[in-house]
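Listed here are the chains, written in short residue letters.
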Amino acid sequence: MAKEIKLEPSRTLMEFRLLPGLTTGEHNPKDISLRTPLVYSADNNKKYYLNIPLVSAAMQSVSGAQMGIELARLGGAAFIFCSQTPAQQAEMISKIKHHKAGFVIPQTVHPDMLIEEMYKLRKKTGYSTFPVVDNQNVFMGLISKWDYDISLHSQATVGQRMIPKQLVEVGYNITNLKEANNILLESHKSVLPILDDQGKLISIVFRKDITDQLENPLEVHDEKKRLLAVAAINTHDYEQRVPALVAAEADVIAIDSSDGHTEYQKTTLQWMHQNYPQIPVIAGNIITRAGFRFLVEAGAAAVKVGMGGGSICITQEQKGTGRGLATSIVEVVKERAAYYQETGKYIPVIADGGVTSTKDITIALALGADYVMMGRYFARMEESPTEKIVVNNRVMKPYWGEGSARAQAWKAKRYNQGKFVEGVEGLVEYSGHLRDNLDETLMKIKSAMGTCGAKNLEEFHQNARLELVSALSIREGRVHDIYQGSERTEYDEFSNNET
Ligand code: IMP
């Protein structure tokens with residue numbers, strides 16, 4: 001006889017609807033905040049946060065450096081996948097951290113360097129402006145692409161072609177971006193090197209980055225105002241991988257596994273705490289109260305919830321393990337509340353796998369998730385790492401599971417030593433730039449929160465009232481009984497409305 005047999009079925013997100021609460025003038029979407037804690041931190045979860053409750057899945061076909069940069073600029077985070085070598089993953093993290101967010105720690109050149117060599121560096125890094133410093137890092141001048149012609153000056157030195165310090169506008173010990181911006185505006189310059197009292201170079205500020213930042217008010221940063229970067233790890237090679245990720249300055253580590261209720265995760269968490277106590281670790285996935293307790297007691301600073309629901313996932317079919325995501329969230333959130341009562345520690349909960357529409361996101365948040373992880377949603381964007389292809393006149397992008405045969409080349413051990421696959425490979429409809437898609441998604445989430453009388457996610461958790469719906473009422477809630485020019489009348493939000 002089994003230890004436990006639950007005869008009530010577990011529930012999916014699509015089986016719930018929200019009931020309205022009182023909406024007032026305070027619930028205008030422009031005044032609704034989507035800020036949410038990324039991980040537990042002792043300062044009331046203020047140190048690590050997201051400005052939108054969405055993160056992209058740690059998958060080869062979803063979260064590379066470009067997704068990491070763009071999503072952080074828009075207020076979320078990409079979990080950079082670990083099914084690649086530690087060096088490749090560290091390079092992606094490094095790209096995000098150096099992307100620039102105001103004060104940049106620049107690549108410098110020496111005055112004796114030949115223009116020819118510097119030109120190679122320009123091609124390699126993509127940077128067109130370099131500060132020139134001596135062996136003691138004292139600022140000597142600036143050189144940009146306008147200061148030389150490679151066909152004429154290849155054998156000249158940087159020192160001969162640079163704009164010398166006395167002609168460059170510099171700032172001393174400036175840490176405030178607005179102040180730097182004012183100096184740039186007044187001086188009509190586009191670059192401002194920041195020096196210390198000894199004239200040594202600290203950082204550099206580019207006018208275009210400031211403009212960029214003003215256009216992205218939700219951007220998420222570390223304490224040095226650089227974009228936040230999250231790196232996934234596995235429970236096999238963390239002793240080699242984590243040092244490379246930390247050297248690349250990853251802010252948060254996430255243990256990526258389809259089943260987190262394991263001794264392996266506990267050992268990995270303990271190792272992280274011994275070796276990198278300053279770095280918060282997200283663990284998972286779990287779907288039970290016991291799983292939550294196990295991971296937080298081992299030191300997890302947030303937990304990822306969900307098993308078997310992902311759009312590319314065949315775990316339930318292959319093994320029979322899994323649970324509806326709504327029930328998983330409800331159970332874990334109950335245990336989170338109990339843990340909070342006992343310890344005063346609020347552990348963020350991430351809903352992951354099978355979130356296929358904005359209403360799913362909204363329901364997951366209402367049920368108590370602090371943010372939602374998605375693969376398919378983000379795989380469709382320009383910023384995902386895959387190439388677009390045209391199939392039957394439709395622009396598509398490939399999307400494959402981390403447990404699929406394609407990804408398993410990198411992680412033979414992850415899904416049961418690679419003896420069978422737990423994911424498939426397919427195509428998703430290309431849907432343009434992340435920014436444009438997010439605008440609409442976030443507007444809908446805010447609108448739902450306003451309908452429920454919530455100004456922020458904390459109030460949404462407290463005030464939301466949800467109801468299970470029948471299959472017939474789901475049908476009633478769709479377009480029905482009208483002719484729309486084709487047989488199908490279902491509205492499929494994330495398939496360009498074409499199914
Ligand atoms: P989606 O948003 O429905 O596409 O689901 C994405 C989630 O599916 C990821 O965040 C993982 O938790 C999970 N996942 C990724 N790859 C696989 C796989 O190959 N098998 C099962 N689940 C997977």
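Residues numbered from 1 in each chain as written. Predicted model: local features only at pLDDT ≥ 70, side-chain atom pairs only at ≥ 80, totals over all residues. Heavy atoms only, no water.

1. Brief notes about the environment of Gly-344
Turning to step 1, where the next piece is worked out: Note that Gly-344 resides in the loop between α12 (325-343) and β17 (349-352).
Turning to step 2, where the next piece is worked out: Separated by 302 residues in the primary sequence, Gly-344 and Ala-42 place their C-alpha atoms 9.9 Å from one another. (Helix = DSSP H or I, 4+ residues; strand = E, 2+ residues; numbered from the N terminus.)

2. What about the pattern of salt bridges?
Turning to step 1, where the next piece is worked out: Inspection of every chain in the model, using the stated rule, returns 24 salt bridges.
Turning to step 2, where the next piece is worked out: As a salt-bridge pair, Glu-335 and Arg-293 come within 2.8 Å of each other at their nearest N and O atoms. Of this pair, Glu-335 sits in helix α12 while Arg-293 is found in helix α10 (residues 289-297), placing the two residues 42 residues apart along the sequence. Of the two residues, Glu-335 and Arg-293, both sit in the buried class.
Turning to step 3, where the next piece is worked out: A salt bridge links Glu-459 to Lys-455; the nearest nitrogen and oxygen atoms lie 2.9 Å apart. (Salt bridge = Lys/Arg side-chain N within 4 Å of Asp/Glu carboxyl O. Buried < 20%, exposed > 50% of the residue type's maximum accessible area, 1.4 Å probe, protein only.)

3. Things to note about the site of the ligand
Turning to step 1, where the next piece is worked out: Taken together, the neighbourhood of the ligand is formed by 23 residues, with Ser-311, Asp-352, Tyr-399, Gly-403 and Glu-422 sitting nearest.
Turning to step 2, where the next piece is worked out: Gly-375 has a polar backbone atom sitting 2.7 Å from an oxygen atom of the ligand.
Turning to step 3, where the next piece is worked out: Tyr-399 is positioned with one of its side-chain polar atoms (N or O) 2.5 Å from an oxygen atom of the ligand.
Turning to step 4, where the next piece is worked out: Computed on the free molecule, the ligand has an accessible area of 510 Å², of which 93% lies beneath the protein chains in the complex. (Near = heavy atom within 4 Å. Polar contact = N/O pair within 3.5 Å; in protein donor to acceptor, adjacent residues only side chain to side chain. Areas by Shrake-Rupley, 256 points an atom, 1.4 Å probe, with all protein chains shown as cover.)

4. Observations concerning α10
Given 3.6 residues per turn, any residue in an α-helix points the same way as the ones three and four places further on.
Turning to step 1, where the next piece is worked out: Of all the positions in α10, only Gly-291, Phe-292, Arg-293, Phe-294, Leu-295 and Val-296 are classed as buried.
Turning to step 2, where the next piece is worked out: Positive backbone phi, approximately 110 degrees, marks Gly-299, located one or two places after α10.

5. Re the nonpolar core
Turning to step 1, where the next piece is worked out: In this structure, Val-303 and Ile-329 are the most contacted members of the largest nonpolar core, which totals 108 residues.
Turning to step 2, where the next piece is worked out: No other element matches the six residues that α12 contributes to this core.
Turning to step 3, where the next piece is worked out: With near-sequence residues (within four places) excluded, Ile-329 lies in contact with Leu-13, Val-305, Ala-351, Ala-364, Leu-367, Gly-368 and Ala-369. (Core = buried A, V, L, I, M, F, W, Y, C linked by side-chain atoms within 4.5 Å. Contact = heavy atoms within 4.5 Å.)

6. A look at the sheet that holds strand β12 (residues 201-206)
Turning to step 1, where the next piece is worked out: The strand order across the open sheet built from four strands is β6-β12-β11-β10, with neighbouring strands paired in mixed fashion. Single-partner strands in this sheet number two, and they are β6 (103-104) and β10 (171-172).
Turning to step 2, where the next piece is worked out: Each of β6 and β12 touches helix α7 (residues 207-215); the most contacted strand, β12, lies at about 65 degrees to it. (Pairing = 2+ DSSP bridges. Axes fitted to C-alpha atoms, helices over the stretch in contact; angles between N-to-C directions.)

7. Looking at the packing of helix α6 (residues 177-187) against α7
Describing two packed helices takes the angle between their axes plus the distance from one axis to the other.
Turning to step 1, where the next piece is worked out: Direction vectors running N to C along α6 and α7 enclose 130 degrees, while the axes themselves pass 10 Å from each other. Here α6 lies oblique to α7, going by the angle between them. Relative to α7, α6 is oriented so that their crossing is left-handed. Contact with α6, carried on its side by Leu-177, Ala-180, Asn-181, Leu-184 and Leu-185, involves Arg-207, Ile-210, Gln-213 and Leu-214 of α7 and no other residues of that element. (Parallel < 35°, antiparallel > 145°, perpendicular 65-115°, else oblique. Left-handed = near helix turned anticlockwise from the far one by under 90°.)

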